[in-house]
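Residue-level listing of the chains:
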Amino acid sequence: TSKMGNELGQHLDQSKKTGVLTLRNFKLVKVPPEVYAITQFLRNIDLSINKLAAIPPELFINTKSLKTLNLSQNRLGKFLIFHIFLNYLFFNFNY
């Protein structure tokens, strides 16, 4: 497996335990499919400083515990808020 795959796998395992997923500066162009399997455990998701152009609504299907979502510094020209309740949404420096 690739270094990126190993690093991602370690992050996901740790995130499932801590409730905090930080994939900051991973050069992601899309949300990895493996993330969807653990969203129910997450309180915080940090996807900042990537190259994301879209956030699929499926990411929020099972996110009752999600409080903080950081999407800053991506390529999201717009972001549709799906029926999610957040304490904090960070969306600065998108274009």
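Each residue is numbered by its place in its chain's sequence as written, counting from 1. Only residues with pLDDT of at least 70 are given local features in this predicted model, and only at 80 or more are side-chain atom pairs given and counted; all residues enter the totals for whole chains, interfaces and linings. Remark: hydrogens and water are excluded; side-chain values derive from all non-hydrogen atoms of the structure.

(A) Layout of the overall build of the chain. On a plain count of helices and strands, the chain comes out with two helices and four strands. Put simply, DSSP marks the helices as runs of H or I at least four residues long and the strands as runs of E at least two long, and each gets a number from the N terminus on. Beginning at the N terminus, the succession of helices and strands in the chain can be written as α-β-α-β-β-β. Burial statistics for the chain: of 95 residues in total, 37% are counted as buried. When checking whether two residues touch, look at their non-hydrogen atoms; a contact exists if any pair is within 4.5 Å. When contacts within the chain are restricted to residue pairs at least 6 apart in sequence, those whose partners lie at least 24 apart make up 33%. Accessible surface computed for the chain: about 6,000 Å², of which carbon and sulfur atoms make up 56%. Burial classes: relative accessible area under 20% of the type maximum marks a residue as buried, over 50% as exposed, and values in between as partly exposed (1.4 Å probe, protein chains only). The accessible surface values rely on the Shrake-Rupley method and a 1.4 Å probe; as for residues, cover is taken only from the protein chains in view.

(B) Seen up close, unusual backbone geometry. Even without being a glycine, lysine 27 presents a positive backbone phi close to 60°. Despite not being glycine, isoleucine 49 has its phi angle at roughly 55°, a positive value. Counting through the fold element by element, isoleucine 49 comes out in the loop between strand E2 (44-46) and strand E3 (68-70).

(C) A look at the environment of arginine 43. Following the sequence through the fold, arginine 43 ends up in the loop between helix H2 (33-36) and E2. For the pair arginine 43 and lysine 64, spaced 21 residues apart in sequence, the C-alpha separation works out to 8.5 Å. Discounting chain neighbours no more than four positions away, the residues touching arginine 43 are Thr18, Gly19, Val20, Ser65, Leu66, Lys67 and Thr68.

(D) Representation of the nonpolar core in the model. Leu21, Leu23, Val31, Val35, Ile45, Leu47 and Ile55 are the most contacted members of the largest nonpolar core, which has 20 residues in total. For leucine 47, the contacting residues outside a window of four places in its chain are Leu23, Leu28, Val31, Leu52, Ile55, Asn70, Leu71 and Asn74. Each nonpolar core is a collection of buried residues, namely Ala, Val, Leu, Ile, Met, Phe, Trp, Tyr and Cys, held together in the definition by side-chain atoms within 4.5 Å.

(E) Just the pattern of salt bridges, in detail. We define a salt bridge as a contact between a side-chain nitrogen of Lys or Arg and a carboxyl oxygen of Asp or Glu at a distance within 4 Å. One pass over the structure, following the stated rule, counts one salt bridge. For the salt bridge of arginine 24 with aspartate 46, the shortest nitrogen-to-oxygen distance reads 3.3 Å. Of this pair, arginine 24 sits in the loop between strand E1 (20-22) and H2 while aspartate 46 sits in strand E2; the two residues are 22 residues apart in sequence, bridging distant segments of the chain. Its relative accessible area of 42% is what places arginine 24 among the partly exposed residues. Taking the relative accessible area as the measure of exposure, aspartate 46 reaches 13% and is therefore buried.

(F) Fine view of the confidence of the model for the chain. Confidence scores labelled pLDDT are given residue by residue by the predictor and lie between 0 and 100. Per-chain confidence: the chain averages 86 in pLDDT, with 88% of residues scoring 70 or above. Summarising per-element confidence for the chain, the mean pLDDT is lowest in strand E4 (residues 88-90) (77) and highest in E1 (97).

(G) Layout of the environment of leucine 8. Along the chain, the position of leucine 8 falls in helix H1 (residues 3-18). A residue is classified by how much of its surface remains accessible, and leucine 8, at 10% relative accessible area, is buried. As a C-alpha pair, leucine 8 and leucine 23 span 15 residues in sequence and 8.0 Å in three-dimensional space.

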